[in-house]
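Observations on chain architecture
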Amino acid sequence: NAGVTQTPKFQVLKTGQSMTLQCAQDMNHNSMYWYRQDPGMGLRLIYYSASEGTTDKGEVPNGYNVSRLNKREFSLRLESAAPSQTSVYFCASSLTGLFEADTQYFGPGTRLTVL
Amino acid sequence: GIQVEQSPPDLILQEGANSTLRCNFSDSVNNLQWFHQNPWGQLINLFYIPSGTKQNGRLSATTVATERYSLLYISSSQTTDSGVYFCAAPYNFNKFYFGSGTKLNVKP
């Protein structure tokens, strides 16, 4: 099993450009998450999906859209990138999302720079 | 929302030493998790510990929910323990707030 995979690993954008970060998991998990991590800080939740077809805003959703394409895939889209979105983006998944005892598994991250 | 604070922010240890990392949270929680981020950025879940004590090898964690804190103990530290340790508490089912982390450097 590959676990949680993310593409691309690195990306440089110019202000105003758009892009989609891809995430896939092969663990048959129901819940998936997008986080961002800024230097010296913890992770902040951008969006969350409890199941296929459902999404919910997290702590910092502005400037992002998400799509839960199917049970395996959860994509994050930046429609008009801004320098403030320079960050490392992590995707994660967990089995159910409904119960407390639910470990999150993380992808390797995407390092995004917006010039 | 819930506040999650970690201390110390930085910690330097000699290999073989023991350490205690602390996580304070501002509201009662039913789910507290500890994560390790290695120097290459990979995040690994260490413990789910809403209350009580759990042990996994040289690591153990204790959460005192009534007093709103959790402790992560690292015994006989090794260089591979280096990285950043985060605690995270939920504010809505599986939506988590993360602390800002404790950066640990274990020197050989």
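To be clear, the structure that these remarks concern was listed above.
What you see as residue numbers is a count from 1 along each chain, following the sequence as written. Each chain gets a letter, beginning with A, and each ligand a number, beginning with 1, in the order they are written. Residue-level local features of this predicted model are given only where pLDDT is at least 70; pairs of side-chain atoms are given and counted only at 80 or more, and the full residue set underlies all totals for whole chains, interfaces and linings. Excluded from the side-chain calculation are hydrogens and water; included are all heavy atoms of the structure.

**Focus on the environment of Ser-87 of chain A**
Residues and elements named next belong to chain A. This is how the line gets drawn: Runs of H or I in DSSP of at least four residues are treated as helices and runs of E of at least two as strands, each being numbered from the N terminus. The contact criterion used throughout is that any non-hydrogen atoms of two residues lie within 4.5 Å. Whenever a nitrogen or oxygen atom comes within 3.5 Å of another N or O atom, the pair is scored as a polar contact, on the condition that within protein one atom can donate a hydrogen and the other can accept it, and that pairs from neighbouring residues in sequence are kept only if both atoms are in side chains.
Among the structural elements, Ser-87 can be located in strand E9 (residues 87–94). Distance in space between the C-alpha atoms of Ser-87 and Val-114 is 8.7 Å, their sequence separation being 27 residues. Excluding residues that lie within four positions of it along the chain, Ser-87 makes contacts with Arg-36, Gln-37, Asp-38, Thr-110, Arg-111 and Leu-112. Looking at Ser-87, its side chain comes within polar contact range of the main-chain oxygen of Gln-37, at 2.8 Å.

**Observations concerning the sheet that holds strand E8 (residues 75–78) of chain A**
All names here are of chain A. Let me state the cut-off plainly: DSSP bridges decide pairing: two strands pair if at least two such bridges lie between them. For every element, the axis is a line fit to its C-alpha atoms; helices are fit only across the contacting stretch, and the angle between N-to-C directions ranges from 0 to 180 degrees.
The four strands lie next to each other as E1-E3-E8-E7, forming an open sheet whose pairing is antiparallel. With one partner strand each, in any of the chains shown, strand E1 (4–7) and strand E7 (65–67) form the two edges of the open sheet. Here the strands of the sheet are splayed against their neighbours by 20 degrees on average, with no regard to which way each runs. Inspection of the sheet shows E7 paired to E8 by three bridges, in the antiparallel sense.

**Observations concerning the state of the cysteines**
Our working rule: Only a pair of cysteine sulfur atoms within 2.5 Å qualifies as a disulfide here. Accessible area is worked out with a 1.4 Å probe on protein chains only. A residue is then buried under 20% of its type maximum, exposed over 50%, and partly exposed in between.
Inspection of every chain in the model, using the stated rule, returns two disulfides over all chains. Here Cys-23 of chain A connects covalently by a disulfide to Cys-91 of chain A, the sulfurs 1.8 Å from one another. Where Cys-23 of chain A bonds to Cys-91 of chain A through sulfur, the torsion about that S-S bond is close to -70 degrees, and the disulfide is left-handed. On the criterion of sequence distance, the pair formed by Cys-23 of chain A in strand E3 (residues 19–25) and Cys-91 of chain A in strand E9 is long-range, its members being 68 residues apart. The two residues Cys-23 of chain A and Cys-91 of chain A agree in class, both being buried. There is a disulfide in this structure between Cys-23 of chain B and Cys-87 of chain B, and the S-S distance comes to 2.0 Å. Handedness of the Cys-23 of chain B-Cys-87 of chain B disulfide follows from its S-S torsion of about 80 degrees: it is right-handed. Here the residue Cys-23 of chain B occupies a position in strand E3 (residues 19–25), and Cys-87 of chain B occupies one in strand E9 (residues 83–92), the gap between them amounting to 64 residues. Judged by its relative accessible area of 0%, Cys-87 of chain B is buried.

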